[in-house]
Amino acid sequence: IAIVQRATSFYSSRMLRTFRKLMRPGFRVPARDVARDPRVVILASGVSQRWETIHHKQLVDIDGQPLLLRTIEQLTQRWDTQPVVVTHHPKIAEAVDEVADTLEVAEGERRWIVETALASRQQWGDPTLLLAGDVYWTDQAMDIACGLNRGGPIRFLTTQCNVGQDILGVWFRRRHRNKVARALHHARQHALLRGGGGKLWQAYRSLCGFPLTRHLLDTVHAVPINDQTTDFDSFRDYQAFLETATTRAA
């Protein structure tokens, strides 16, 4: 009886405090779809293994401007935010020094992109936009990415690639952070035990409850980008993009 009385007293007091809070002048229940100040985290710790003599694919030239600086400029034109670039490359850190913060992660925490994303967890905000650092974004696609700053579920920005669909970025609210972290951790464990590269699409598959062995993305949580936006996985991809861009300009 004493336990029931204490429990009743506790919940009655809690309900009374909540009621008083609601009755305060000017109190507003925060809407879940309100736009907030975002935190942008750009993952740029790749080793560019398939880039021949180019060591930093994030700094390749696009219209006379390094790719990563172009992305940061697009972001700051749309949001009043200071991006965080996750990298261990001194040259990349130097290139973004005046326009972004940098975060260096230990060698054992950047073997795969899901591991790098997981290591940046302390930088996540409300909301968070995680972006791959080797992506060329059209203005229209960046409008879509930045336009996600509303309420809703986790969103993965996807594009078509040679082997299916690829993940360009992830958007999520504070309330989603543990779920995103678990999916990234699952993909990391899969890479440790079975290989597979520790890709963002595997974290997506984990989030949706699908096996991590098939490179196949469902429409759940996906926001498709169907234009010239692309990630440069290899030097050949970069050359093909430049040739296509030259053809369009002509």
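Above this text is the structure in question.
Residues numbered from 1 in each chain as written. Predicted model: local features only at pLDDT ≥ 70, side-chain atom pairs only at ≥ 80, totals over all residues. Heavy atoms only, no water.

(A) Representation of the overall build of the protein. Within the protein, the regular secondary structure consists of eight helices and 11 strands. Sorting the 250 residues of the protein into buried and exposed places 43% on the buried side. Partitioning the contacts of the protein with sequence separation of at least 6, the portion at a separation of at least 24 is 64%. Accessible area for the protein stands at about 14200 Å²; split by element, carbon and sulfur atoms hold 49% of it. (Helix = DSSP H or I, 4+ residues; strand = E, 2+ residues; numbered from the N terminus. Buried < 20%, exposed > 50% of the residue type's maximum accessible area, 1.4 Å probe, protein only. Contact = heavy atoms within 4.5 Å. Areas by Shrake-Rupley, 256 points an atom, 1.4 Å probe, with all protein chains shown as cover.)

(B) Representation of the side chain of Thr-138. As for its position among the elements, Thr-138 is in the loop between β7 (135–136) and α5 (139–146). Those residues in contact with Thr-138, other than ones at most four positions away along the chain, are Gln-74, Asp-227, Gln-228 and Thr-229.

(C) Layout of empty space enclosed by the protein. Scanning all chains against the criterion turns up one cavity of 30 Å³ or more. Of the voids in this model, the largest cavity is the one considered here, and its volume is about 60 Å³. Every residue along the wall of the largest cavity is listed here: Leu-130, Phe-156, Val-170, Val-180, Ala-183, Leu-184, Leu-200, Ala-203 and Leu-207. The set of elements that each furnish at least two residues to the lining of the largest cavity consists of α6 (177–194) and α7 (200–208). Split by residue class, the lining of the largest cavity holds nine nonpolar, no polar and no charged. (1 Å grid on protein atoms, 1.4 Å probe; cavity = no way out; pocket = protein on both sides within 12 Å on 5 of 7 lines; lining within 4 Å. Points joined across faces, edges and corners; volume = space filled by probe spheres on them. Nonpolar A, V, L, I, M, F, W, Y, C, P; charged D, E, K, R; others polar.)

(D) Molecular detail of the packing of α6 against α7. Closest axis-to-axis distance for the α6/α7 pair is 8 Å, and the angle between their directions is 120°. If you check the angle between α6 and α7, you find them oblique. The element α6 and its partner α7 pack so that their crossing is right-handed. Packed against α6, whose contacting residues are Lys-179, Ala-183, Leu-184, His-186, Ala-187 and His-190, the element α7 presents Leu-200, Gln-202, Ala-203, Ser-206 and Leu-207 at the interface. For the contact of α6 with α7, the residue count by class is six nonpolar, four polar and one charged. (Axes fitted to C-alpha atoms, helices over the stretch in contact; angles between N-to-C directions. Parallel < 35°, antiparallel > 145°, perpendicular 65-115°, else oblique. Left-handed = near helix turned anticlockwise from the far one by under 90°.)

(E) Molecular detail of the pairing of strand β1 (residues 39–43). Counting buried residues along β1, four of its five residues qualify, which places the element largely inside the surrounding structure. Direction of pairing for β1 relative to strand β6 (residues 128–132): parallel, over a ladder of five bridges. Counted as the bridge partner of Val-40 is Leu-129 from β6. Two strands pair when backbone bridges link them, and β1 and strand β4 (residues 84–86) are joined in this way by three bridges, in the parallel orientation. Residue pairing for β4: Val-41 is matched across the bridge by Val-84. (Pairing = 2+ DSSP bridges.)

(F) Focus on α7. Buried residues dominate α7, accounting for eight of its nine residues. Listing the buried residues of α7 in full gives Leu-200, Trp-201, Gln-202, Ala-203, Tyr-204, Arg-205, Ser-206 and Leu-207. Looking one or two places after α7, you find Gly-209, whose phi comes out positive at around 80°.

(G) Structural view of the nonpolar core. Within the largest apolar cluster, 29 residues are counted, with the highest numbers of intra-cluster contacts made by Trp-124, Ile-167 and Leu-184. Those elements that place two or more of their residues in this core are β1, α4 (113–119), β9 (164–172), α6 and α7. Looking at which element gives the most residues to this core, the answer is α6, with six residues. Discounting chain neighbours no more than four positions away, the residues touching Ile-167 are Phe-156, Leu-157, Thr-158, Leu-200, Trp-201, Tyr-204 and Leu-217. Membership of the second largest hydrophobic core comes to 27 residues, among which are Val-85, Val-96, Trp-137 and Trp-171. (Core = buried A, V, L, I, M, F, W, Y, C linked by side-chain atoms within 4.5 Å.)

(H) A look at α6. Given a rise of 1.5 Å per residue, 18 residues ought to cover 26 Å, and the 25 Å separating the end C-alpha atoms of α6 matches this to within 8%. Looking only at α6, the buried set comprises Arg-177, Val-180, Ala-181, Ala-183, Leu-184, Ala-187, Arg-188, His-190 and Ala-191. Positive phi appears at Gly-195, one or two residues downstream of α6, with a value of about 80°. (Expected span 1.5 Å × (residues − 1).)

(I) Expanded view of the environment of Ala-117. Inspection of the secondary structure assignment puts Ala-117 in helix α4. Taking the relative accessible area as the measure of exposure, Ala-117 reaches 0% and is therefore buried. Those residues in contact with Ala-117 that sit more than four places away from it in its chain are Leu-43, Trp-124, Leu-130 and Leu-184.

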